[in-house]
Amino acid sequence: MVSFQKICVATVLSLVGMISSTAAFVPTTTTTHHRSASSGTPFLKYRGGDSSSSRLHAESEKPFAVVVQAEIEPDRMAEFIEMIETNAIETRKEPGCIRFDVLRSQDNPNQFIFYEVYENMGAIDHHKKQPHYNAWADFKESGGTISSVTYKNDAEFFT
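Now for a look at the structure at hand. Here the structure is a predicted model, which means the values were calculated and not measured.

Moving on, we come to the pairing of strand β5 (residues 111-118). In terms of residue burial, β5 counts as a mostly covered element, since eight of its eight residues are buried. Of the two faces of β5, the one lined by Gln111, Ile113, Tyr115 and Val117 and the one lined by Phe112, Phe114, Glu116 and Tyr118 are each fully buried. Sheet topology note: the strand β3 (residues 64-72)/β5 ladder contains eight bridges and is antiparallel. Residue pairing in the sheet places Val67 in a bridge with Tyr115 of β5. Pairing geometry for strand β4 (residues 97-104) and β5, over seven bridges, is antiparallel. Counterpart to Leu103 in the pairing with β5 is Ile113.

Right under this line is the structure:
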């Protein structure tokens with residue numbers, strides 16, 4: 001049996017592939033277009049220039065991805081589904097949100113992955129101030145999750 005963690009990794013890799021087929025965004029930093037040696041697929045490599053301060057600025061302007069792996073208390077599932085649907089719909093309307101996906105494990109219907117991509121850290125900071133984000137935080141705080149692990153990622157090669 002394949003572990004949920006392996007499914008998470010495979011799902012994220014699949015999502016990265018799906019991103020390349022969607023209209024992503026216009027980068028706000030200097031970019032160089034490259035082609036992957038193995039697939040020929042174009043991707044963006046973010047760079048900031050020669051000085052360390054410009055590199056730091058470019059790092060803060062990279063797209064930022066969050067992958068949340070959560071297991072929901074079965075008796076709170078209906079509440080969760082309603083809350084996370086609203087969260088996803090409203091988050092997708094936010095300036096700087098590139099993508100917000102909610103995925104459900106085929107092996108365990110109580111396990112979910114959220115895959116979120118934002119233009120930069122400023123967009124995620126804005127997201128965390130929204131009522132729909134607070135609904136998720138309140139749900140977790142009230143014991144609605146068995147577990148929740150968040151993985152924060154900077155885009156290095158992003159299509």
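Turning to the sheet that holds β3, a few remarks are in order. If you trace the four strands from one edge of the open sheet to the other, you get β4-β5-β3-β6, paired in antiparallel fashion. At either margin of the open sheet sits one strand with a lone partner, and together these are β4 and β6 (145-154). Geometrically, the sheet is characterised by an average inter-axis angle of 10° between neighbouring strands, direction not taken into account. Of the strands in this sheet, β3, β4 and β5 are in contact with helix α3 (residues 77-92), which crosses β4 at around 160°. Relative to the sheet, helix α5 (residues 131-141) contacts β3, β5 and β6, its axis offset from that of β6 by approximately 135°.

Glancing now at the packing of α3 against α5. Where α3 contacts α5, the axes come no closer than 8 Å and their chain directions differ by 150°. In this view, α3 runs roughly antiparallel relative to α5, as classed from their interaxial angle. The hand of the α3/α5 crossing is left-handed. For the pair α3 and α5, contact is made by Glu79, Phe80, Met83, Thr86, Asn87, Glu90 and Thr91 and by His132, Tyr133, Ala135, Trp136 and Phe139, respectively. Split into classes, the residues belonging to the contact of α3 with α5 amount to six nonpolar, four polar and two charged.

Quick look at the environment of Asn108 now. Mapped onto the fold, Asn108 is located in the loop between β4 and β5. Along the sequence, Asn108 and Glu71 sit 37 residues apart, while their C-alpha atoms lie 8.9 Å from each other. Here Glu71 takes part through its side chain, which lies 3.5 Å from a polar atom of the side chain of Asn108.

What follows is about the pattern of salt bridges. Evaluated as defined, the whole model comprises four salt bridges. Between Arg99 and Asp101 there is a salt bridge; the shortest N-O distance is 2.5 Å. Residue Arg99 is classed as buried on the basis of its relative accessible area, which comes to 14%.

Before going further, it helps to spend a moment on the nonpolar core. Counting residues in each nonpolar core, the largest one holds 19 residues, and the members touching the most others are Ile72, Phe80, Phe114 and Trp136. At the level of secondary structure, the elements contributing two or more residues to this core comprise β3, α3, β4, β5, α4 (121-127) and α5. Beyond its immediate stretch of four places on either side in the chain, Phe114 contacts Val66, Val67, Val68, Phe80, Ile84, Asp101, Val102 and Trp136. Among the nonpolar cores identified, the runner-up in size contains seven residues, and Val67, Ile113, Ala155 and Phe158 belong to it.

Parameters at a glance
Residues numbered from 1 in each chain as written. Predicted model: local features only at pLDDT ≥ 70, side-chain atom pairs only at ≥ 80, totals over all residues. Heavy atoms only, no water. Buried < 20%, exposed > 50% of the residue type's maximum accessible area, 1.4 Å probe, protein only. Helix = DSSP H or I, 4+ residues; strand = E, 2+ residues; numbered from the N terminus. Pairing = 2+ DSSP bridges. Axes fitted to C-alpha atoms, helices over the stretch in contact; angles between N-to-C directions. Contact = heavy atoms within 4.5 Å. Parallel < 35°, antiparallel > 145°, perpendicular 65-115°, else oblique. Left-handed = near helix turned anticlockwise from the far one by under 90°. Nonpolar A, V, L, I, M, F, W, Y, C, P; charged D, E, K, R; others polar. Polar contact = N/O pair within 3.5 Å; in protein donor to acceptor, adjacent residues only side chain to side chain. Salt bridge = Lys/Arg side-chain N within 4 Å of Asp/Glu carboxyl O. Core = buried A, V, L, I, M, F, W, Y, C linked by side-chain atoms within 4.5 Å.

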